[in-house]
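One letter stands for each residue in the lines below.
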Amino acid sequence: MAAMDREMILADFQACTGIENIDEAITLLEQNNWDLVAAINGIIPQENGIVQSEFVGSETSQDPLYGPAGQPSSSSSASSAFCPIIPSRPIVERQPRMLNFRVEYRDRNVEVVVEDTNTVGAIKQILENELQIPVPQMQLKGWKSTDINDSTVLRSLHLPKNNSLYVLTPDMAQPGSDGPATSQSSALQESLNENFMLIITHREAQRDYSLNFPGTRTVQEVKRNIFDLTNIHVRHQIWEGWPISAEDDSITLAAAGLSYPCHRLTVSKRPSPTQTREQSEECTDVHMVSDSEGDDFEDATEFGVDDGELFGMISSGSKKSPMMPDDAENEGDALLQFTAEFSSRYGDCHPVFFIGSLEAAFQEAFYGKARDRKLLAIYLHHDDSVLTNVFCSQLLCAESIVSYLSQNFITWAWDVTREANRARFLSMCTRHFGSVVAQTIRTHKTDQFPLLLIIMGKRSSNEVLNVIQGNTTVDDLMMRLMNAMEIFAAQQQEDIRDEDERDARERVKREQDEAYRVSLEADRAKREAQEREIAEQVRQEQIRKEQEEEREAIRLSLEQSLPPEPREESSELVSKLRIRTPRGEFFERRFLAGNRLQVVFDFVASKGFPKDEYKLLSTFPRRDVSQFDPTETLLEVKLYPQETLFLEAKE
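Quick caveat, the model's predicted, so the values are computed rather than measured.

Let's shift gears to the overall build of the protein. When helices and strands are counted, the protein shows 18 helices and 19 strands. Within the protein, contacts between residues separated by at least 24 positions form 63% of all contacts whose residues are at least 6 apart in sequence. Of the roughly 37000 Å² of accessible surface on the protein, a fraction of 49% belongs to carbon and sulfur atoms.

Shown next, in the form of structure tokens:
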């Protein structure tokens, strides 16, 4: 199909469907093999399922777009004006579409059919019933768009009728199985959690990009990222190196069959029709463009080629592209252009230029571990110098120089051809090296360029070891680089020793701090144990004191409740009891023979020997008086007229 036909179909499709996103419109057309009617039916289905359309030709008669055999008629290519689609009946409100989803989870495939008015969350609810997986633990992958959540309406995604998705459950353990399906699913699950290193070669710029992508990223997302880096639109990208399984842009890198952990790819720009002509034909066509060839120039925008690029092929031999844009604001972008232009002029064998700001180059070279530090080489390019081409092609791109710089240096470059870029570098130079170095560079004449500055990070300052001018030889350049490395190696060894000593001191300090912390913990635990012991002693003492006070109160109460001791000359019968304590002491008291035993027990308790702790025993015969009925009298238990008793503690 001619490019002009596709452009017309694209314009007609956008006008009919209202889809303004060109990428989305092209994707939908490609899914329907650029069949306009089929694509429109997929987006705006009518009541009868078919949109009837007619093209209005240049003649008064109207020819159908498609004949009986389903092939485009000749009038379709002759029409150049937009032809509206005329429905056979009034267009009714857009009806819901039925979408088919084939969802893969481990060794299972689930078919889901829903209307496009449903949300992504509705699909998850269906899968929850089918797979017995809670919705919060379910990740539904395989969408072509990245901004998807459970509330996203399917219609807003402009999906085709048939779709393939897969479910991830990273928070759920996968059951063991020896079957091949489970093994493949397990491998896919592991790959989704891995990072893939894609080394992508941009053929036109002769530049390699080393990019890390998670396994969940799709092929389409990779291509969009490359568009950001190379400015080659996705539909104009020509790829080499993708596995056969990666032909579907919606497939993830984990399922694409890439080599792990590193996979090489090549991307180039789809040539425009004018670029494919012979050089001699190009020269003629530039001056004399026929009507039939005008379409090619109109199609140039389809391939991302503007008029400047089309005519730049003729003038490229007379004027070089600048190494850097004027007044470059972003140093990383400027160095990307510098590297690409340097490669196009002098080939692929050149030093690896650091992409980033000068401050970032300092960080990379000087502020890591002492063993990992390198010298910084700053290459200052000047297109107006007669020495530039020779220096770049013969010296800077020499294999020995490239290898030595790559191993021992971080190489950063800047183009000082334009005055704005020169002033910006001098400002950076003054800030990092001081005004003396900046003035030295400022005094260099154009014919002394290019310059190679060798910088060494020393303590808290940056020292310029050497300024190498363009009028040198490979041997002299190598000798100067090696001399700088000798100075740097001596300084590096000193820095390594200082760093090792500092690390040793810090290690000892950490060990001392840890020992001190452990000691503090032990002291704290000991102190807490002592405090607990003292508190327990105080508590026990308090209990003991309370018990003693209680016993004393009971003793006094019993002592006060005792009947008065009868006199010896009393007319009543008197029993005299002599009681021996466990400590060998004796105490005596007279009782009336008619007193009950309880009076004797109360008397003994009033002396500090309660009945529940001590036994009251008689000698001959040996009896446990404390076991007698306390209501019996002394006379009844034969403790009259006198008796010697002794107290014995109960076990």
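On we go from here.
So, on to helix 5 (residues 120-131). Here helix 5 spans 16 Å end to end across 12 residues, near enough to the 16 Å set by a 1.5 Å rise per residue. Of all the residues in helix 5, the buried ones are Val120, Gly121, Ile123, Lys124, Leu127 and Leu131. With its buried residues spanning 150° around the axis, helix 5 presents them on a single face. Contacts from the buried residues of helix 5 go to strand 3 (98-105), strand 4 (108-115), strand 5 (139-141) and strand 6 (162-168). Note on helix 5: the residue one or two positions beyond its end, Gln132, has a positive phi of about 60°.

Axes are the key here: two packed helices are described by the angle between their axes and the distance separating the axes. Between helix 12 (residues 358-366) and helix 15 (residues 419-433), the least distance of the axes is 11 Å, while the angle of their chain directions is 40°. As summarised for this structure, helix 12 and helix 15 are arranged oblique, according to the angle between their axes. Here Leu358, Glu359 and Phe362 of helix 12 lie close against helix 15, whose contacting residues are Met428, Arg431, His432 and Phe433. Class assignment of the residues belonging to the contact of helix 12 with helix 15 gives a composition of 4 nonpolar, 1 polar and 2 charged.

This part takes up the sheet that holds strand 4. Sheet architecture is open: 4 strands sit in the order 4-3-6-5, paired in mixed fashion. The sheet terminates laterally at strand 4 and strand 5, the two strands that pair on one side only. Each strand of the sheet is rotated relative to its neighbour by a mean of 30°, with strand direction disregarded. The pairing of strand 5 with strand 6 spans 3 bridges and is classified as antiparallel. Bridge pairing in strand 6 places Lys141 opposite Tyr166. Where helix 5 meets the sheet, its contacts fall on strand 3, strand 4, strand 5 and strand 6, and the angle it forms with strand 4 comes to roughly 140°.

A separate point is the pattern of salt bridges. Counted by the stated rule, this structure contains 29 salt bridges. Where Arg544 meets Glu548, a salt bridge forms, and the shortest distance between an N and an O atom there is 2.3 Å. Pair noted here: Arg544 and Glu548 are both in helix 17 (residues 474-561), with a separation of 4 residues, about one helical turn. We classify Glu548 as partly exposed; its relative accessible area is 43%. One continuous salt-bridge network, built from bridges that share partners, spans Glu341, Arg345 and Asp383.

Below, the discussion takes up a nonpolar patch on the surface. A contiguous nonpolar patch, built from Leu573, Leu635 and Tyr640 and spanning about 260 Å² of accessible area, is present on the exposed surface. Position of Leu573 relative to the elements: it lies in the loop between helix 17 and strand 15 (574-580).

Glancing now at the state of the cysteines. Per the counting criterion, the structure on display carries 0 disulfides. The thiol of Cys349 is not disulfide-bonded; the next cysteine sulfur, from Cys397, is found 6.4 Å away. Using a relative accessible area of 33% as the deciding quantity, one classes Cys349 as partly exposed. For Cys392, which is in no disulfide, the shortest distance to another cysteine sulfur is to Cys397 and amounts to 6.5 Å.

Relative to the elements of secondary structure, Ser606 occurs in helix 18 (residues 597-606). If near-sequence neighbours (up to four positions away) are discounted, Ser606 is found in contact with Arg555, Leu558, Glu559 and Leu562.

Spatially, 4 strands are ordered 8-7-10-9 in an open sheet, and the strand pairing comes out mixed. Of all the strands in the sheet, just strand 8 (207-214) and strand 9 (237-240) have a single pairing partner and so form its edges. Strand-to-strand twist of the sheet, defined as the mean angle between neighbouring strand axes without regard to direction, takes the value 30°. Bridge count between strand 7 (residues 195-202) and strand 10 (residues 262-269): 6 bridges; the pairing is parallel. Paired with Met197 across the two strands is Cys262, which belongs to strand 10. Seen against the sheet, helix 7 (residues 219-230) touches strand 7, strand 8, strand 9 and strand 10 and runs at an angle of roughly 145° to strand 8.

For the rest of this paragraph, the subject is the pairing of strand 11 (residues 375-381). Looking along a regular strand, one sees the side chains alternate between the two faces of the sheet. Within strand 11, 7 of the 7 residues are buried, leaving the element largely enclosed by the surrounding structure. Both strand 11 and strand 12 (residues 409-415) contribute to a ladder of 7 bridges, which runs parallel. The partner of Leu380 across the bridge, within strand 12, is Trp414. As paired elements, strand 11 and strand 13 (residues 451-458) share 5 bridges and run antiparallel to each other. When the sheet's bridge partners are listed, Leu376 is paired in strand 13 with Ile455.

Definitions and limits used
Residues numbered from 1 in each chain as written. Predicted model: local features only at pLDDT ≥ 70, side-chain atom pairs only at ≥ 80, totals over all residues. Heavy atoms only, no water. Helix = DSSP H or I, 4+ residues; strand = E, 2+ residues; numbered from the N terminus. Contact = heavy atoms within 4.5 Å. Areas by Shrake-Rupley, 256 points an atom, 1.4 Å probe, with all protein chains shown as cover. Expected span 1.5 Å × (residues − 1). Buried < 20%, exposed > 50% of the residue type's maximum accessible area, 1.4 Å probe, protein only. Arc of directions from axis to C-beta. Axes fitted to C-alpha atoms, helices over the stretch in contact; angles between N-to-C directions. Parallel < 35°, antiparallel > 145°, perpendicular 65-115°, else oblique. Nonpolar A, V, L, I, M, F, W, Y, C, P; charged D, E, K, R; others polar. Pairing = 2+ DSSP bridges. Salt bridge = Lys/Arg side-chain N within 4 Å of Asp/Glu carboxyl O. Patch = residues over 30% accessible without salt bridge, like charges linked within 9 Å, V, L, I, M, F, W, Y side chains within 5 Å. Disulfide = S-S within 2.5 Å.

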